[in-house]
There are 6 protein chains.
Amino acid sequence: MDEPTTRAERYARGRTVLDAIDGTAGANVIEALDDISPELGHQVVAWGFGEVYSRPGLSPRDRQLVTLGMLTALGGCEPQLEVHINAALNVGLTSQEITEAFLHAAVYCGFPRALNATFTAKKVFAERGLLPVA
Amino acid sequence: MDEPTTRAERYARGRTVLDAIDGTAGANVIEALDDISPELGHQVVAWGFGEVYSRPGLSPRDRQLVTLGMLTALGGCEPQLEVHINAALNVGLTSQEITEAFLHAAVYCGFPRALNATFTAKKVFAERGLLPVA
Amino acid sequence: MDEPTTRAERYARGRTVLDAIDGTAGANVIEALDDISPELGHQVVAWGFGEVYSRPGLSPRDRQLVTLGMLTALGGCEPQLEVHINAALNVGLTSQEITEAFLHAAVYCGFPRALNATFTAKKVFAERGLLPVA
Amino acid sequence: MDEPTTRAERYARGRTVLDAIDGTAGANVIEALDDISPELGHQVVAWGFGEVYSRPGLSPRDRQLVTLGMLTALGGCEPQLEVHINAALNVGLTSQEITEAFLHAAVYCGFPRALNATFTAKKVFAERGLLPVA
Amino acid sequence: MDEPTTRAERYARGRTVLDAIDGTAGANVIEALDDISPELGHQVVAWGFGEVYSRPGLSPRDRQLVTLGMLTALGGCEPQLEVHINAALNVGLTSQEITEAFLHAAVYCGFPRALNATFTAKKVFAERGLLPVA
Amino acid sequence: MDEPTTRAERYARGRTVLDAIDGTAGANVIEALDDISPELGHQVVAWGFGEVYSRPGLSPRDRQLVTLGMLTALGGCEPQLEVHINAALNVGLTSQEITEAFLHAAVYCGFPRALNATFTAKKVFAERGLLPVA
């Protein structure tokens, strides 16, 4: 874990994790940063995914549960919720579990945050042919 | 207060309160949940309105004042603010009182939150023919 | 309303409103600012109370309902909640109405915010001999 | 699911779930509400635990992951974090997974929220003899 | 500092500061308030800019750095961020410094808030012909 | 910038920056993480300070202005505010500028957040013999 790495190698490691979890939705965010803040794009990939997501201490599915909870609670993060609802499906959460997580969120964040997250899920599920959620 | 009730009866009780306060705006939210999270729709109605709103300890007008304060402070709740600005008008708050409440909000939440709430009110008031606010 | 006023006169006007609503709790906050940011103390009084609270468009009781909603939703404002729960009692809200407002808050902010506000009320009510809330 | 139930039965159902997940920490919160807002205590139990937590669609362990994410993101919820870090341990999350979840939180909420949550965990783990986290 | 001033004079003083810092973007916000809450428009100008911004204790450039930090952290303030990214450019911050400030924000607020602010900057910079940020 | 570095080297680079800006207050936070989440301590240092703070695009003084704005707006970050008010003094902001920044914060975040930050500054200034702020 303490072998020397270059900045490019750290990016490459994170990019592999990003692509596996977020798919094209994550890649699109990074690309959109190219002309405004490529360093932010680098750090999302090299640090967020390369240093944190890649750690073995919590499974990808567990990480998305925590992430969905945070993004719902923060509010105003609908673009990020959209990416991570897709990510949650990619790592094995079902559409039923995701909507259940947002119902659960009502207990801790109240209905407005829970509703905003649920309607973001509705948009993602519609795109992926997952409606209605049985 | 402790008579046995069915889940359907608790929904019906809440639905009566929801319809009286939020009108069609509330009903539209519940309907939009049908194919994604009917349980969330059920709980908004049966719990939020049936168990909490229906309690006699605070008048409907008072509840909307508290609610407008919360939604303004939370931020990112413009869809819910829109529903509850309508609700506030439905239960007797005037357009002048609502804009005054959002001016008051600037003291506690700062101008950005107060402005976002006020511009949401502008949209609702325009739809209901209440502009200009004298 | 457009007569010339001095800064001192604007402070005095706000101070009258502050004292009437917040009592010694408000005065203590202003005094505590004397050696660190007297200008912030001035603006809380001259602007917050002199320019906003003093307006006739919303009753003092209504303003406290909005304020309790905002402070609950913001979180981390327990010192201000303590001042304004006192203020709410001073302008005619009952202890029952205040606890009902915080129960109502659970619907929009979730239980943690509602609990923090309720336990702050418990502290204030105990100091004022208002427990138990029947 | 639609059999008639009394208010007391709904409380009892939630209380069983609360006791299983939160243990005495949850019970202490409910008891502390007795003289200030017994209705809030009732609703935490009967609705939060009886209606939401008790649903089969998400495991208790999964619910705590979402909850830890939300409480970290909300900020100012250290008392509730303390209860739910205990709950997380009770339902099978390890101390390593909990601290990993809070490291993960830094990506989405920044370091201050992650640090506050981690130091709350340190307090809970110390009480339960779980330090150092290996 | 304690000469008598009229309400109109206090507005005029603030308006000069607002126009110098925010330009037409600020003026448009005030104008949009005319038919819904002219008092809020008055207070943004007369108090926010006339009483606070006009104070000599912090330079306009420093004030925008603080402001960009706050608006990023608050979330859901994209319209205000847009105005203040323009203001930041007007008072001498470069596009490189602004994007660096939003990268810095990731450390304290997490990536979602940093991304939302950065993409708002992208919109403003595109309108002002400042892309790509080198 | 793309030379290979080890994890220990990246920590060392960040530690130099951390020590220069935050002094012992920062070091104490990292040390307190040793038995609960050494990885979080590593990332605060190696990433927050080594990768972000160390970048030349924004001066240390500018970074603290943004940081004070964010921590004030987030709320519930008094421990971090305490560290960064110290840091702000360390990198050249005066006590007058810091209190002015918190007055400015009232415009965007409201008085409660501004008051909490100001009273945190009062504590720090008292420890450093900087009261009263003239």
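Look up a bit, the structure's there.
Before going into details, it helps to say that this report is about the structure given with it. (Residues numbered from 1 in each chain as written. Chains lettered and ligands numbered in written order. Predicted model: local features only at pLDDT ≥ 70, side-chain atom pairs only at ≥ 80, totals over all residues. Heavy atoms only, no water.)

1. Re the overall build of chain A
Quick note on the threshold: In this text, helices come from DSSP runs of H or I with a minimum length of four residues, and strands from runs of E with a minimum of two, each type numbered from the N-terminal end. All radius of gyration figures rest on C-alpha atoms, and the globule criterion is 2.2 Å times the number of residues raised to 0.38. The rule is simple: take the accessible area with a 1.4 Å probe, protein chains only, and divide by the maximum for that residue type; under 20% is buried, over 50% is exposed, in between is partly exposed. A contact between two residues is defined here by any heavy atoms of the two lying within 4.5 Å.
When its secondary structure is counted, chain A shows six helices and zero strands. Along chain A, helices and strands appear, N-terminal first, in the series α-α-α-α-α-α. Since a compact globule built from 134 residues should have a radius of gyration of about 14 Å, the 16 Å found for chain A is in line with a globular shape. Principal axes of the C-alpha set define a box for chain A whose edges measure 50 × 35 × 25 Å. Per-residue burial over chain A gives 64% buried out of 134 residues. Within chain A, counting contacts between residues at least 6 apart in sequence, those at least 24 apart form 65% of the total.

2. Section: the relation of the copies chain C and chain A
What counts, and what does not: Least-squares fitting of one copy onto the other uses the C-alpha atoms of those residues that reach a pLDDT of at least 70 in both copies.
Between the two copies, chain C and chain A, the superposition gives an RMSD of 0.0 Å; the rotation angle is 180 degrees and the shift along the axis is 0.0 Å. The superposition of one copy onto the other is thereby described by a two-fold rotation axis. Looking at the rotation axis and the C-alpha trace of chain C, the residue lying nearest is Gly110(C), at 2.0 Å. Take the interface residues of chain C: 100% of them recur as interface residues in chain A, which is what a same-surface contact looks like.

3. Description of the relation of the copies chain F and chain E
What connects the two chain copies is a rotation about an axis and a shift along it. Note on the copies: chain F fits chain E at an RMSD of 0.0 Å, the axial shift is 0.0 Å, and the rotation between them is 180 degrees. Same-surface contact between copies: 100% of interface residues of chain F are shared with the interface of chain E.

4. A few points about the interface of chain F and chain E
What counts, and what does not: By convention, the term buried area covers the 1.4 Å-probe accessible surface removed from two parts as they join, with the contributions of both added. What counts as a salt bridge is simple: a side-chain nitrogen of Lys or Arg found within 4 Å of a carboxyl oxygen of Asp or Glu. As used in this structure description, the phrase polar contact means that two N or O atoms lie within 3.5 Å; if the pair is within protein, one of them must be able to donate a hydrogen and the other to accept it, and residues adjacent in sequence are counted only when both atoms belong to side chains.
Residue-level contacts link 31 residues of chain F with 31 residues of chain E. Both sides of the chain F and chain E interface together cover about 2,900 Å² of buried area, and 73% of this is carbon and sulfur. Taken as a group, Met70(F), His104(F) and Tyr108(F) account for 24% of the area that chain F buries against chain E, more than any other trio of residues on that side. Taken together, the connections running from chain F to chain E amount to six salt bridges. For Arg55(E), the salt bridge is made with Glu100(F), and the minimal N-O distance between the two is 2.9 Å. Our enumeration of links across chain F and chain E arrives at 14 residue pairs in polar contact (both at pLDDT 80 or more). Contributing elements (two or more residues each) for the side of chain F that touches chain E: helix H2 (38-53), helix H3 (60-74) and helix H5 (95-109) of chain F.

5. Section: the environment of Ile98(E)
Residues and elements named next belong to chain E. In this fold, Ile98 is placed in helix H5 (residues 95-109). Sequence-wise, Ile98 and Cys77 are 21 residues apart; in three dimensions their C-alpha atoms are separated by 16 Å. Residue contacts for Ile98: discarding those within four places in its chain leaves Leu68, Ile85, Ala88, Leu89, Leu93 and Phe125.

6. So, the interface of chain C and chain A
Formally: Each residue gets one of three labels, nonpolar for Ala, Val, Leu, Ile, Met, Phe, Trp, Tyr, Cys and Pro, charged for Asp, Glu, Lys and Arg, and polar for the others, Gly among them.
Taken together, the contact between chain C and chain A spans seven residues of the former and seven residues of the latter. Taking both partners together, chain C and chain A bury about 450 Å²; carbon and sulfur atoms supply 63% of that area. Between chain C and chain A we count two residue pairs in polar contact (both at pLDDT 80 or more) in total. The set of elements that each furnish at least two residues to the side of chain C that touches chain A consists of helix H5 (95-109) and helix H6 (111-127) of chain C. Per element, the largest residue contribution to the side of chain C that touches chain A is four residues, and it comes from H5(C). Here the side of chain C that touches chain A is built from residues that sort into six nonpolar, one polar and no charged.

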